[in-house]
Amino acid sequence: MQESPRPTTVFRPVRAGNAFEETVERLLQAVKLGLVVDKLPPERELAAQLGISRVTLREAIRALAEAGYLQVRRGRYGGAFVTYTPPPPRQEDLRRAVADMGTGHLADALTFRLAVECGAAQVLATAEPAGGWRETLRRRLAEVNSASPEDYRRLDTAFHLSIAELTGSESLAAACADARLRVTDLLNAIPVLQRNIEHAAVQHEAIVAAILAGDPEAARRAVTEHLEGTAALLRGFLA
């Protein structure tokens, strides 16, 4: 299994007024997006990243353990381990998720995702972030394009979020993570078909090529084509 990205996008300081609720939200986001696949970071480190007390963190972890997302193990090799696994794709789950969301909210979620992901690609195509961002982007591309169907959704998420993260904008990265979370249950309800993986791989290559070429308009077009294809796939399974 390929390495998961460190979930710095979601493990950022929470607001003091709703520390418990926001901590639960951040942890759940990291788990459902596949940013944490084994166990949460050490308690001291995670509390510092979120800017909360260890007591608040323990309460949030306990809530997610009771909900079945985490399992807390004590001892030298203990920690908060991820127990959540996405359910197998079923059409009735997709219909239920859309019904719970509402068609208006679905359209809003897809539009929001299109806007923030196009924006992230355009920013990265025109910026020159510090560090080896080009190598990181190429690595994420190689990982998703060589992923097995079982690991595809997680690595696809990592690829898309890495574009926003590499811009260096925490707000943009957070917006892209939020946009992805809005549709993750819908995507998980769609079977991962090899033909779709191969088609998406070509589109991923086009996105990265445009970014590395410093062409923001080509990057926008490539992301638009890719996400419109995903929206069409959703509509096809709902028909």
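Residues numbered from 1 in each chain as written. Predicted model: local features only at pLDDT ≥ 70, side-chain atom pairs only at ≥ 80, totals over all residues. Heavy atoms only, no water.

You'll find the chain entered in an unreviewed UniProt entry as GntR family transcriptional regulator, with Planomonospora alba given as the organism.

Draft legend 1. How the structure looks around the overall build of the chain. Looking only at helices and strands, one finds 10 helices and 2 strands in the chain. The order of α-helices and β-strands along the chain, N terminus first, is α-α-α-β-β-α-α-α-α-α-α-α. Taken over C-alpha atoms, the radius of gyration comes to 18 Å for the chain, in line with the 18 Å a tight globule of 239 residues would show. Dimensions of the chain, computed from C-alpha atoms along their principal axes, come out at roughly 50 × 45 × 35 Å. Looking at the chain as a whole, 47% of its 239 residues are labelled buried. A sequence separation of at least 24 residues applies to 72% of the contacts in the chain between residues at least 6 apart. Taking the 29 positively charged and 30 negatively charged side chains of the chain as two groups, their mean positions are separated by 4 Å. (Helix = DSSP H or I, 4+ residues; strand = E, 2+ residues; numbered from the N terminus. Rg over C-alpha atoms; globule rule 2.2 N^0.38 Å. Buried < 20%, exposed > 50% of the residue type's maximum accessible area, 1.4 Å probe, protein only. Contact = heavy atoms within 4.5 Å. Lys, Arg positive; Asp, Glu negative; His and termini not counted. Charge placed at Lys NZ, Arg CZ, Asp CG, Glu CD.)

Draft legend 2. Representation of the pattern of salt bridges within the structure. In total, this model carries 12 salt bridges according to the counting rule given. A salt bridge links R58 to E43, with the shortest nitrogen-to-oxygen separation between them at 2.8 Å. Here R58 is found in helix α3 (residues 54-66), whereas its partner E43 is found in helix α2 (residues 43-50), with 15 residues between them in sequence. Overall, the relative accessible area of 40% leaves R58 in the partly exposed class. (Salt bridge = Lys/Arg side-chain N within 4 Å of Asp/Glu carboxyl O.)

Draft legend 3. Structural context of α3. End to end, α3 covers 18 Å across 13 residues, agreeing with the expected 18 Å (1.5 Å per residue, within 8%). Those residues of α3 lying buried are T56, L57, A60, I61 and L64. Looking straight down α3, one finds its buried side chains confined to an arc of 135 degrees; they lie on one side. Contacts from the buried residues of α3 go to α1 (19-32), α2, β1 (70-73) and β2 (79-82). The positive-phi residue at the C-terminal boundary of α3 is G68, with phi of around 90 degrees. (Expected span 1.5 Å × (residues − 1). Arc of directions from axis to C-beta.)

Draft legend 4. Layout of the confidence of the model for the chain. In the predicted model, the chain carries a mean pLDDT of 88, and the fraction of residues at 70 or more is 95%. Confidence scores differ between elements of the chain, with helix α4 (residues 91-101) showing the lowest mean pLDDT of 73 and α3 the highest of 95. (pLDDT = per-residue confidence, 0-100.)

Draft legend 5. Spatial organisation of the packing of aromatic side chains. In the structure shown here, the tally under the stated rule is 1 aromatic pair. For the ring pair Y69 and Y84, a centre distance of 5.4 Å and an interplane angle of 35 degrees mean the geometry is tilted. Remark: Y84 occurs in the loop between β2 and α4 and Y69 occurs in the loop between α3 and β1; sequence separation between them is 15 residues. According to the relative accessible area criterion, Y84 is buried, its value standing at 17%. Lying across the ring of F81, R73 places its NZ or CZ 3.9 Å from the centre. (Phe/Tyr/Trp six-rings, centres within 6.5 Å; stacked < 30°, edge-to-face > 60°. Lys NZ or Arg CZ within 6 Å of the ring centre and 35° of its normal.)

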